[in-house]
Amino acid sequence: MIEAVSKLFAKEDKIEKLISMFKEMIEPTKKEKGYILYEMYQDKDNPSVLIVLEQWETKEDFDAHCSSEHFYRIVPQMLACMEKESEVNICHRVA
C-alpha cells in the first residue's frame, strides 16, 4: 500500500471553492483501480490549510490516478485557488 499526504494552502477567499472542487473528484476517484482512501481535512486553527489523505494499493495505481481525466480537468482549477504550491509526501507504513 502507498499513501500520499498533501498539504494545500488555499487563498482565504477561495477555501470553499477549493473544497467544492475536491468533492467533485471523490466519486470518480473511488471507481479507480487500487483506490483505498481519498479524503480531505481542514486545519482547525488555520482554515486555509487543507490536508488530503490518499491510500492506494500500489504506486502505479496512484500514478494512474494522477493521469486520470478528472485529475487533469480539476487540479489546475484547484491550483488557481491556492496561495502557494502544495506540499506532497508519498509514504509507506513502517510501524
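Structure shown above.
One structure accompanies this document, and this report is about it. (Residues numbered from 1 in each chain as written. Predicted model: local features only at pLDDT ≥ 70, side-chain atom pairs only at ≥ 80, totals over all residues. Heavy atoms only, no water.)

Points about the overall build of the protein
The number of helices and strands found in the protein is three helices and four strands. Across the protein, helices and strands are ordered from the amino to the carboxyl terminus as β-α-β-β-α-α-β. The C-alpha radius of gyration of the protein comes to 13 Å, within 12% of the 12 Å expected for a compact globule of 95 residues. With the principal axes as the frame, the protein shows a C-alpha extent of 35 × 35 × 20 Å. Within the span of the protein, comprising 95 residues, buried residues form 39% of the whole. Relative to all contacts within the protein whose residues are 6 or more apart in sequence, the contacts with residues 24 or more apart total 71%. (Helix = DSSP H or I, 4+ residues; strand = E, 2+ residues; numbered from the N terminus. Rg over C-alpha atoms; globule rule 2.2 N^0.38 Å. Buried < 20%, exposed > 50% of the residue type's maximum accessible area, 1.4 Å probe, protein only. Contact = heavy atoms within 4.5 Å.)

Section: the sheet that holds strand β4 (residues 82–91)
Pairing is antiparallel in the open sheet, where four strands are placed in the order β2-β3-β1-β4. At either end of the open sheet lies a strand with only one pairing partner, and these are β2 (35–42) and β4. On average, each strand axis in the sheet is tilted by 15 degrees relative to the strand beside it, whichever way the strands run. For β2 and strand β3 (residues 49–56), the ladder comprises seven bridges, and the chain directions are antiparallel. Looking across to β3, one finds that Glu39 is bridged to Leu53. Contacts between helix α1 (residues 15–30) and the sheet are confined to β1 (2–10), β2, β3 and β4, with β2 contributing the most and set at about 170 degrees to the helix. On top of the sheet, helix α2 (residues 59–66) reaches β1, β2, β3 and β4; it is set at about 130 degrees to β3, its chief contact. (Pairing = 2+ DSSP bridges. Axes fitted to C-alpha atoms, helices over the stretch in contact; angles between N-to-C directions.)

Observations regarding the nonpolar core
Grouped together as the largest cluster of nonpolar side chains are 18 residues, with contacts concentrated most on Leu8, Leu18, Phe22, Met40, Leu50 and Met78. Residue assignment for this core shows that the elements contributing at least two residues are β1, α1, β2, β3 and α3 (69–79). When residues in this core are grouped by element, the largest group, seven residues, is from α1. For Phe22, the contacting residues outside a window of four places in its chain are Tyr38, Glu39, Met40, Val52 and Met78. (Core = buried A, V, L, I, M, F, W, Y, C linked by side-chain atoms within 4.5 Å.)

Focus: α2
Here α2 has its buried residues at Asp61, Phe62 and His65. When α2 is viewed along its axis, its buried side chains cluster within an angular range of 100 degrees and face the same direction. Check the buried side of α2 and you find it contacts β1, α1, β2, β3, α3 and β4. (Arc of directions from axis to C-beta.)

Some points on the side chain of Gln55
Tracing the chain through its elements places Gln55 in strand β3. On the accessibility criterion, Gln55 (15% relative accessible area) is buried. Here Glu3 takes part through its side chain, which lies 3.5 Å from a polar atom of the side chain of Gln55. Dropping the residues within four chain positions of it, Gln55 is found in contact with Met1, Ile2, Glu3, Gly34, Tyr35, Ile36, Leu37 and Arg93. (Polar contact = N/O pair within 3.5 Å; in protein donor to acceptor, adjacent residues only side chain to side chain.)

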